[in-house]
Amino acid sequence: MRRINSIITILIIGLFVYHLIYGGMILAGMIKGGGAVSGFISRLLLVLIAVHVCIAVILTVSAIRAISRSGVFYARQNMFFILRRISGFALMIFIVVHVLLFSGDYSQGAYRLKPFGTLDLIGQILMIISLLVHVATNIRPLMISLGISDRSNVKTDVLLVMSGLLVLAGIAFAVYYLRWLKI
């Protein structure tokens, strides 16, 4: 089950990078938004995230049962286990907010977005932070599950690229916010 979750995670990362770059360019006003392909990819991404969450819940329940059977919980040694679950839970909430925020309505032949205010910007920045924490704490287990032996170089590369992309996403959200303010 961990291997399946790892493969799903790789698919999520690939689709997320596409969504981030394409969506960031739309938010920054560089390209026009919408289209059947981007909508399909966004929905596929949500389905894969839902499957990932289901598998993660099953694995977490299994791990908690094993911990309760042992009768000992080493909080300090399990810090990353706890942080992975907290960041994943926070991410689920922020993804729902993200979907609701960017699910406009299609009326009169045009796609209309909802207004984007200060609280929306803060929520999106918190989503980015949650995602960064989730990726940073889960990259090592992902590489182990995929059998990647030279983890230090790959881990550094992945974290560097993801950090750069997430900074660009933050900038795109800020530009989008400023565009709503008409500055």
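Residues numbered from 1 in each chain as written. Predicted model: local features only at pLDDT ≥ 70, side-chain atom pairs only at ≥ 80, totals over all residues. Heavy atoms only, no water.

Caption draft 1: Main features of the nonpolar core. Core analysis: the biggest nonpolar cluster contains 32 residues, and Phe-16, Phe-102, Phe-116 and Phe-173 have the highest contact counts within it. Taken together, the elements giving at least two residues each to this core come down to helix H1 (2-27), helix H2 (36-70), helix H3 (79-102), helix H4 (118-146) and helix H5 (151-181). For this core, the element with the highest residue contribution is H5, accounting for eight residues. Ignoring any residue separated from it by four or fewer positions in sequence, one finds Phe-16 in contact with Leu-45, Leu-131, Met-162 and Leu-166. (Core = buried A, V, L, I, M, F, W, Y, C linked by side-chain atoms within 4.5 Å. Buried < 20%, exposed > 50% of the residue type's maximum accessible area, 1.4 Å probe, protein only. Helix = DSSP H or I, 4+ residues; strand = E, 2+ residues; numbered from the N terminus. Contact = heavy atoms within 4.5 Å.)

Caption draft 2: Here's a closer look at the packing of aromatic side chains. Within this structure, the stated rule accounts for seven aromatic pairs. Ring centres 5.6 Å apart and planes at 10 degrees place the aromatic pair Tyr-18 and Tyr-22 in the stacked group. Placement of the pair is Tyr-18 and Tyr-22 together in helix H1, with a separation of four residues, close to one helical turn. Using a relative accessible area of 22% as the deciding quantity, one classes Tyr-22 as partly exposed. With a centroid separation of 6.1 Å and an interplanar angle of 35 degrees, the aromatic rings of Phe-102 and Phe-173 are classed as tilted. Here Phe-102, found in helix H3, pairs with Phe-173, found in helix H5; they are 71 residues apart in sequence, far enough to count as distant. Across the pair, Phe-173 and Phe-102 agree in class, each one buried. (Phe/Tyr/Trp six-rings, centres within 6.5 Å; stacked < 30°, edge-to-face > 60°.)

Caption draft 3: Examining the side chain of Ser-130 more closely. Turning to its location among the elements, Ser-130 is positioned in helix H4. Those residues within four positions of Ser-130 in sequence are excluded, and the remaining contacts are Ser-87, Ala-90, Leu-91 and Phe-94.

Caption draft 4: How the structure looks around the packing of H1 against H2. In the contact formed by H1 and H2, the axes pass within 9 Å of each other and the chain directions differ by 145 degrees. Considering only the axes of H1 and H2, their crossing is left-handed. Class assignment of the residues belonging to the contact of H1 with H2 gives a composition of 18 nonpolar, six polar and one charged. (Axes fitted to C-alpha atoms, helices over the stretch in contact; angles between N-to-C directions. Left-handed = near helix turned anticlockwise from the far one by under 90°. Nonpolar A, V, L, I, M, F, W, Y, C, P; charged D, E, K, R; others polar.)

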